[in-house]
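Examination of the molecular architecture
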Amino acid sequence: MIAMVRIFRRPSIIPQLSLGLLLVGCVDSTTAEATDPDPPVIAAQANPAPTQVAQIQPQQQGPRGPGAACESDPSPTFTTPFTDMSMIQAILPPAVISGERFKNRSYISIAQDADGAFFEVPIYAPVDSTLVSITYFTQPAIDANDRQILMELYVLDFQVSCEVHYGFDHVDRLVGAVGAAAPPEPAPDTRDAAVYVNVPVKAGDLIGFTRGTPRARNWDWIVTNKAAANVFANPDRYRSQGDLQTLAAGACGYDYFPADIRSQFYALLHGLTDDADSCFAVPDEAGAIAGGWFDQRLEDRDLQNFDPGWAVAIGMAYDQIRINTVDASVRIDADAPTYLDPRGVTSEHCYYSARSRGFAYVRLVTPMELAMAMGNGQCPDQMPTRFTTYYR
């Protein structure tokens, strides 16, 4: 399959989110359907009988801001799978490329039943924990028939310990006391839409259901750990601003399960085996073009601005190279002539899309500075005179 260049628009709603949620990882719920991975369809086993909803007693709503009384435990054990794995087709491990940015989350692709219909998958609590926030809102999307629709969805954040949170994004419906704690009507967007609660759940409790996003049919699982030691090319940027802090605290939640459950999840994780040290991959490759790039130097950035200024994301998804900007996505498959793992590009390289007859010429100027030009036609012999500079 030949590489291609795809143009897409930035979603019309840019969430303005509470800084209190920065370390839970599930606050950025913008759907970028044009960038969601869409792997080949694989039929799954028959839908098993549903699990009964556990009796969960909600507590009084907590103060504004996430978090409940907690005990320190940076290495908790998750005892129950958070979904029915027979209904899952594949999992893209964190961190994932999404538009011009990276996100600390897994994309979980839903399988189809024998009749070709996508499962509605259950969502369970993987460990005793406390629901600390619910965001219920509407979001524009494009369905499988290329029609514009307005989705209603939930984002959930659970606290396991003082260090560890997990969460779900693109949840369609809730049950039990978790559902009872949700707002009765969705907000028009995510601005100030989070409702802070204190609802304890037990491992195995049924929380809700989802069919995933309307086109890619995937949903998100997010785990953060304040004790994580993720190292990026410019660590100061990731410690100082906006949603970057969720990447700095990103964790592979599958590693918190016992070995037997972990191995089942790893069998679904694309490109990994259960002998891997961890499934979380820091996108940045020091001294190479791979990773996140921004529109300003950190010292020139207004750190009071929640938006960190994402400009370019260069990475991999299902063995496909993706070079994404705000307006364009260059996707290069493994059999394309210009395929070259960006983690190994330490000087410059031109990626060409024969289908779209366009190119992305990328040059690493310094370890902290990238020049890139995109245009029509074959790759030029050298960097075009008109290019844009980006920064770590």
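Residues numbered from 1 in each chain as written. Predicted model: local features only at pLDDT ≥ 70, side-chain atom pairs only at ≥ 80, totals over all residues. Heavy atoms only, no water.

Digging into the environment of Leu272
What counts is decided by this rule: Secondary structure is summarised from DSSP: a helix means a run of H or I of at least four residues, a strand means a run of E of at least two, and numbering begins at the N terminus for each. Under the scheme applied here, a residue whose accessible area is under 20% of the maximum for its type counts as buried, over 50% as exposed, and between as partly exposed, the area being computed with a 1.4 Å probe on protein chains only. What makes two residues a contact is simply this: any of their non-hydrogen atoms within 4.5 Å.
Here Leu272 shows up in the loop between helix 4 (259-268) and strand 14 (291-294). Residue classification places Leu272 among the partly exposed positions, given a relative accessible area of 26%. Placed 180 residues apart in sequence, Leu272 and Leu92 show a C-alpha to C-alpha distance of 9.7 Å. Leu272 has contacts with Pro93, Tyr266 and Cys279, leaving out every residue within four places of it along the chain.

Description of the pattern of salt bridges
Filter applied, for reference: For salt bridges, the criterion is a side-chain nitrogen of Lys or Arg within 4 Å of an Asp or Glu carboxyl oxygen.
Throughout the structure, instances matching the rule amount to 15 salt bridges. In this structure, Asp189 engages Arg191 in a salt bridge whose closest nitrogen and oxygen atoms are separated by 2.6 Å. The exposure class of Asp189 is buried, given its relative accessible area of 14%. What makes Arg191 partly exposed here is its relative accessible area of 37%. The partner of Asp295 in a salt bridge is Arg301, with the nearest N and O atoms 3.1 Å apart. For Asp295, a relative accessible area of 40% gives the class partly exposed.

Notes on the side chain of Gln320
Keep this limit in mind: Within 3.5 Å is the distance limit for a polar contact, defined as a pair of N or O atoms, with the added protein rule that one can donate a hydrogen and the other accept it, and that residues adjacent in sequence qualify only through two side-chain atoms.
Here Gln320 is to be found in strand 16 (residues 320-325). Under the relative-accessibility criterion, Gln320 is labelled buried at 11%. A polar side-chain atom of Gln320 sits 2.8 Å from a polar atom in the side chain of Arg322. Discounting chain neighbours no more than four positions away, the residues touching Gln320 are Gly315, Arg331, Ile332 and Asp333.

Structural notes on the sheet that holds strand 8 (residues 148-159)
Applicable threshold: Strand pairing is assigned whenever DSSP identifies at least 2 bridges connecting the two strands. As a rule, the C-alpha atoms of each element are fitted with a line to give its axis, helices using only the stretch in contact, and angles between N-to-C directions run from 0 to 180 degrees.
Here seven strands make up an open sheet; going across it, the order is 2-5-13-9-8-7-11 and the pairing antiparallel. Edge positions in the sheet fall to strand 2 (88-92) and strand 11 (194-201), since each has one partner strand and no second. Taken pair by pair, the neighbouring strands of this sheet meet at an average axis angle of 25°, ignoring direction. Both strand 8 and strand 9 (residues 164-171) contribute to a ladder of five bridges, which runs antiparallel. Paired with Asp157 across the bridge in strand 9 is Gly167.

So, the confidence of the model for the chain
For clarity, the threshold we go by: A score between 0 and 100, pLDDT records how confident the predictor is in each residue.
When pLDDT is averaged along the chain, the result is 85; 83% of the residues meet or exceed 70. Confidence drops under pLDDT 50 across residues 1-51; counting only partners more than four residues distant or on other chains, this segment forms 163 contacts. Here residues 54-64 is a poorly scored stretch, pLDDT under 50, and it has 24 contacts once near neighbours within four places are set aside; other chains count.

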